[in-house]
Amino acid sequence: MGELGERDRAVLALEGRQWRTAGAKERAIREELGLSPTRYYQVLNALLDREEALAHAPVLVNRLRRVREARRGAR
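Keep in mind that what you see is a predicted model, and the values were worked out from it rather than measured.

Parameters and conventions
Residues numbered from 1 in each chain as written. Predicted model: local features only at pLDDT ≥ 70, side-chain atom pairs only at ≥ 80, totals over all residues. Heavy atoms only, no water. Salt bridge = Lys/Arg side-chain N within 4 Å of Asp/Glu carboxyl O. Buried < 20%, exposed > 50% of the residue type's maximum accessible area, 1.4 Å probe, protein only. Helix = DSSP H or I, 4+ residues; strand = E, 2+ residues; numbered from the N terminus. Expected span 1.5 Å × (residues − 1). Arc of directions from axis to C-beta. Core = buried A, V, L, I, M, F, W, Y, C linked by side-chain atoms within 4.5 Å. Contact = heavy atoms within 4.5 Å. Axes fitted to C-alpha atoms, helices over the stretch in contact; angles between N-to-C directions. Parallel < 35°, antiparallel > 145°, perpendicular 65-115°, else oblique. Nonpolar A, V, L, I, M, F, W, Y, C, P; charged D, E, K, R; others polar.

**Brief notes about the pattern of salt bridges**
1) Next: Counting across every chain of the model gives six salt bridges.
2) Next: A salt bridge links Arg 50 to Glu 52; the nearest nitrogen and oxygen atoms lie 3.4 Å apart.
3) Next: By relative accessible area, which is 27% here, Arg 50 ends up partly exposed.
4) Next: Counted as one network, the salt bridges with shared partners bring together Asp 8, Arg 50 and Glu 52.

**Some remarks on helix H5 (residues 58-74)**
1) Next: Along its 17 residues, H5 runs 24 Å from first to last C-alpha, staying within 8% of the 24 Å computed at 1.5 Å per residue.
2) Next: The set of residues buried in H5 consists of Leu 60, Val 61, Leu 64, Arg 65 and Arg 68. Down the axis of H5, the sector holding all buried residues measures 130 degrees, keeping them to one side. For H5, the exposed residues lying more than 90 degrees away from the buried face are Val 59, Arg 66, Gly 73 and Ala 74.

**Observations regarding the nonpolar core**
1) Next: Core analysis: the biggest nonpolar cluster contains 19 residues, and Val 11, Leu 12, Tyr 40 and Leu 47 have the highest contact counts within it.
2) Next: Where this core is concerned, the elements lending two or more residues are helix H1 (6-15), helix H2 (24-33), helix H3 (37-47), helix H4 (51-56) and H5.
3) Next: The dominant element in this core, judged by the number of residues it contributes, is H3, at four residues.
4) Next: Discounting residues that sit within four places of it in the chain, Tyr 40 has contacts with Val 11, Leu 14, Glu 15, Lys 25, Ile 29, Leu 33 and Leu 35.

**Topic: the packing of H1 against H3**
1) Next: The N-to-C vectors of H1 and H3 enclose an angle of 100 degrees; their axes lie 10 Å apart at closest approach. One finds that H1 runs roughly perpendicular with respect to H3. On H3, the residues that touch Arg 7, Asp 8, Val 11, Leu 12, Leu 14 and Glu 15 of H1 are Arg 39, Tyr 40, Tyr 41, Val 43, Leu 44 and Leu 47.
2) Next: Taken together, the residues of the contact of H1 with H3 break down into eight nonpolar, no polar and four charged.

In C-alpha cells, the structure reads:
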C-alpha cells in the first residue's frame, strides 16, 4: 500500500470542510489547489477507491462512498 501525496491529502482536507456560502468551495478549489472544479471531483472520485485514503480519513471516505453509491443507485 502506497502513501497519499500532499495534493491528495489537501483534496481530502478541503472536502471535509464546511462551506457557508455558495461558490466558496469552488473558489477554494481554484485558489488552494490550483485545480478546476471538474478536475478536483475527478481526483476526489479516484481517491475514494484507494485504501490509503480510507486509512487517512476513514469517516470522510466512507461517507463519500455511501453518497456516491446512493447516486449511482438513483440513476
